[in-house]
Amino acid sequence: MSNTDKALVLYDVADGVATISLNRPEVANAQNPELLHALDGLWQRAADDPEVKVIVLRGNGRHFSSGHDLSTGDPLTPRKFTVNEIYATEAKQYLEYSLRWRNVPKPSIASVQGACIAGALLLVWPCDLIVAADDAKFSDPVVAMGIGGVEYHGHTWELGPRLAKEILFTGRAIRADEALRIGMVNRVVPAADLDASTRELALDIAAKDAFALRMAKRAVNQTLDVQGFTTAVQAVFDIHQLGHGNAVTVSGLPVLVGLEGMKSEIARRG
């Protein structure tokens, strides 16, 4: 694999399949702005490459991703945050990126192991298919931080309304077997077989006609959009920003009202 952007993300193409790998295993593939920018560039590279028919997104190491990197910067350094600043940054790095990846006109597969927390859902939910290792756990515990869910609200569409509320209200994780039962993932495989199983699926899809695949994807995405998917995701993004505004008035920081509490809750639930 060739390195890109200080090896934050790796890229490889073989047999019509582009494999994009998150490469910060030492921090459970936490997503800083540099990683997201590199990731978006590689999505577009794969989209534009006529040799690529299927895109696989995966993470190196034990965990797919622990979500947004909240460790950067010195929390003791006084700084004024504005909703305008937060809105502009998140509209690009989270909502715009995720919707763009969702609409790439080629089939995509997320290959998920270990933890897939909060902002990590913004990477896997835009993918067309999800293959999960049997140790995968999906969660959005950010209500503990004083906000009503991550920026890309796939929850209601991926989980159904009642389970979406339970997951948001409690912060509990959805384990791989439950994710398969509710239809959020396509397959669950032993962790040791994850890469091989994902590649086998990708190669099966890559053997099909590229234009037919594009039209099949468009048919499903357009149906969801007629039902209101994109409009709803954009509307809930504004609700998310209201959460930031409230956090700034309470603590002077966007969302971080209960960061340590959220970390403790994740550790408690295991």
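Up top is the structure.
What counts and how
- Residues numbered from 1 in each chain as written.
- Predicted model: local features only at pLDDT ≥ 70, side-chain atom pairs only at ≥ 80, totals over all residues.
- Heavy atoms only, no water.
- Helix = DSSP H or I, 4+ residues; strand = E, 2+ residues; numbered from the N terminus.
- Buried < 20%, exposed > 50% of the residue type's maximum accessible area, 1.4 Å probe, protein only.
- Contact = heavy atoms within 4.5 Å.
- Areas by Shrake-Rupley, 256 points an atom, 1.4 Å probe, with all protein chains shown as cover.
- 1 Å grid on protein atoms, 1.4 Å probe; cavity = no way out; pocket = protein on both sides within 12 Å on 5 of 7 lines; lining within 4 Å.
- Points joined across faces, edges and corners; volume = space filled by probe spheres on them.
- Nonpolar A, V, L, I, M, F, W, Y, C, P; charged D, E, K, R; others polar.
- Pairing = 2+ DSSP bridges.

> Help me get a handle on the overall build of the protein chain, residues and values and all.
When helices and strands are tallied, the protein chain shows ten helices and ten strands. Relative to its 270 residues, the protein chain shows a buried fraction of 50%. Restricting to contacts in the protein chain with at least 6 residues of sequence separation, those with at least 24 account for 73%. Summed over all atoms, the accessible surface of the protein chain reaches about 12700 Å², with 56% contributed by carbon and sulfur.

> Just give me the short version of the environment of Arg62, but keep the residues and values in it.
Among the structural elements, Arg62 can be located in the loop between β4 (54-59) and α2 (83-102). Considered as a pair, Arg62 and Ala191 are 129 residues apart in the sequence and their alpha carbons are 9.7 Å apart. Arg62 has contacts with Gln113 and Gly114, leaving out every residue within four places of it along the chain.

> For the layout of surface pockets, give the residues involved together with the corresponding values.
There is about 580 Å³ of room inside the second largest pocket. The wall of the second largest pocket is formed by 25 residues, among which Cys127, Asp128, Leu129, Val220 and Asn221 lie closest to the centre. For the lining of the second largest pocket, the elements supplying multiple residues, two or more each, are β7 (129-133), α4 (155-159) and α8 (210-226). Here the lining of the second largest pocket is built from residues that sort into 16 nonpolar, five polar and four charged.

> Just give me the short version of empty space enclosed by the protein, but keep the residues and values in it.
Overall, the coordinates contain one cavity of 30 Å³ or more when judged by the stated rule. If you add up the space inside the largest cavity, you get close to 40 Å³. Lining the largest cavity are Leu121, Trp125, Phe138, Ser139, Asp140, His155, Leu159, Ile167, Ile174 and Met184. Those elements that provide at least two residues to the lining of the largest cavity are β8 (137-139) and α4. Among the residues forming the lining of the largest cavity, the class breakdown is seven nonpolar, two polar and one charged.

> Tell me about the pairing of strand β2 (residues 9-14), and name the residues and values.
Relative to strand β3 (residues 17-22), β2 is paired through six bridges, and the arrangement is antiparallel. Note that in β3 the partner of Asp12 across the bridge is Thr19. The antiparallel hairpin formed by β2 and β3 contains two residues in its connecting segment, where Asp15 sits at a positive phi of about 55°.

The values reported here are purely geometric and, on their own, carry no functional implication.
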